[in-house]
Amino acid sequence: MTRLIITTVKEISRHQVSRFLIVGVFSFLIEFCVFTVLVDFFHIKYTEANLPAMAISVVCNYFLTKMFVFEGGRYNDRVTFILFVIFTLFGLGLNQFFL
């Protein structure tokens, strides 16, 4: 089933940039939904709900990007995940600053 989904997405969007944008939109939707649930249903302050929502989105984004966008890399998974998290933490810092 997963292989079929991956193949279908790759056929629909043959260009790597298109796949990257699709994964980015999907990751945004994950973050937005988690954030909304935390704020509206669990009554967590929005500044505190931002961190877990973004953390869940980052992990999903990493694995989705790895599965759908990039065909395999020259670097091992540990290095790419660490770099991905570092750049995302930078983005989180900017996000928190502008909230």
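Our structure's up above, just so we're on the same page.
Here's a quick rundown of the structure. These numbers were taken from a predicted model, which means no experiment stands behind them.

**Remarks on the overall build of the protein**
(1) Moving on: Summing up its helical and strand segments, the protein has four helices and zero strands in all.
(2) Moving on: Reading the protein from its N end, one meets helices and strands in the order α-α-α-α.
(3) Moving on: Burial status across the protein gives 21% buried among its 99 residues.
(4) Moving on: Sequence separation of at least 24 residues holds for 63% of the intrachain contacts in the protein that already meet a minimum separation of 6.
(5) Moving on: Surface accessibility of the protein: about 7,500 Å² in total, with carbon and sulfur atoms responsible for 73%.

**A few points about the packing of helix α3 (residues 46-68) against helix α4 (residues 77-98)**
(1) Moving on: As a packed pair, α3 and α4 sit with axes 10 Å apart at the nearest point and diverge in direction by 145 degrees. Both α3 and α4 take part in a crossing whose hand is right-handed. Judged by residue contacts, T47, N50, L51, M54, V58, N61, Y62 and K66 of α3 engage D77, T80, F81, F84, T88, G91, L92, N95 and Q96 from α4.
(2) Moving on: Of the residues belonging to the contact of α3 with α4, the class tally is seven nonpolar, eight polar and two charged.

**A word on the environment of F84**
(1) Moving on: Looking at the element boundaries, F84 is found in helix α4.
(2) Moving on: By relative accessible area, which is 23% here, F84 ends up partly exposed.
(3) Moving on: As a C-alpha pair, F84 and V59 span 25 residues in sequence and 9.3 Å in three-dimensional space.
(4) Moving on: For F84, the contacting residues outside a window of four places in its chain are V58, N61 and Y62.

**Structural notes on the packing of aromatic side chains**
(1) Moving on: Under the defined criterion, the tally for this structure stands at four aromatic pairs.
(2) Moving on: Aromatic side chains F28 and F32 sit 5.9 Å apart centroid to centroid with 25 degrees between the ring planes, which places their arrangement in the stacked category. Of the two residues, F28 and F32 are both situated in helix α2 (residues 16-41); the distance of four residues between them amounts to about one turn of the helix.

**Things to note about the pattern of salt bridges**
(1) Moving on: A full pass over the atoms with the stated rule returns one salt bridge.
(2) Moving on: Between E48 and K45 there is a salt bridge, with its nearest N and O atoms 3.6 Å apart.
(3) Moving on: Taking relative accessible area as the criterion, E48 reaches 46% and is therefore assigned partly exposed.
(4) Moving on: The class of K45 is exposed, set by a relative accessible area of 53%.

**Section: a nonpolar patch on the surface**
(1) Moving on: Side chains of V25, F26, F28, L29 and F32 sit close together on the surface and give an oily, nonpolar patch of about 500 Å² of accessible area.
(2) Moving on: Tracing the chain through its elements places F26 in helix α2.
(3) Moving on: Judged by its relative accessible area of 45%, F26 is partly exposed.

**Some remarks on the nonpolar core**
(1) Moving on: Ranked by size, the top nonpolar core spans five residues in total: I6, V23, L64, F68 and V69.
(2) Moving on: Those residues within four positions of V23 in sequence are excluded, and the remaining contacts are N61, L64, T65, F68 and V69.

What counts, and at which threshold
Residues numbered from 1 in each chain as written. Predicted model: local features only at pLDDT ≥ 70, side-chain atom pairs only at ≥ 80, totals over all residues. Heavy atoms only, no water. Helix = DSSP H or I, 4+ residues; strand = E, 2+ residues; numbered from the N terminus. Buried < 20%, exposed > 50% of the residue type's maximum accessible area, 1.4 Å probe, protein only. Contact = heavy atoms within 4.5 Å. Areas by Shrake-Rupley, 256 points an atom, 1.4 Å probe, with all protein chains shown as cover. Axes fitted to C-alpha atoms, helices over the stretch in contact; angles between N-to-C directions. Left-handed = near helix turned anticlockwise from the far one by under 90°. Nonpolar A, V, L, I, M, F, W, Y, C, P; charged D, E, K, R; others polar. Phe/Tyr/Trp six-rings, centres within 6.5 Å; stacked < 30°, edge-to-face > 60°. Salt bridge = Lys/Arg side-chain N within 4 Å of Asp/Glu carboxyl O. Patch = residues over 30% accessible without salt bridge, like charges linked within 9 Å, V, L, I, M, F, W, Y side chains within 5 Å. Core = buried A, V, L, I, M, F, W, Y, C linked by side-chain atoms within 4.5 Å.

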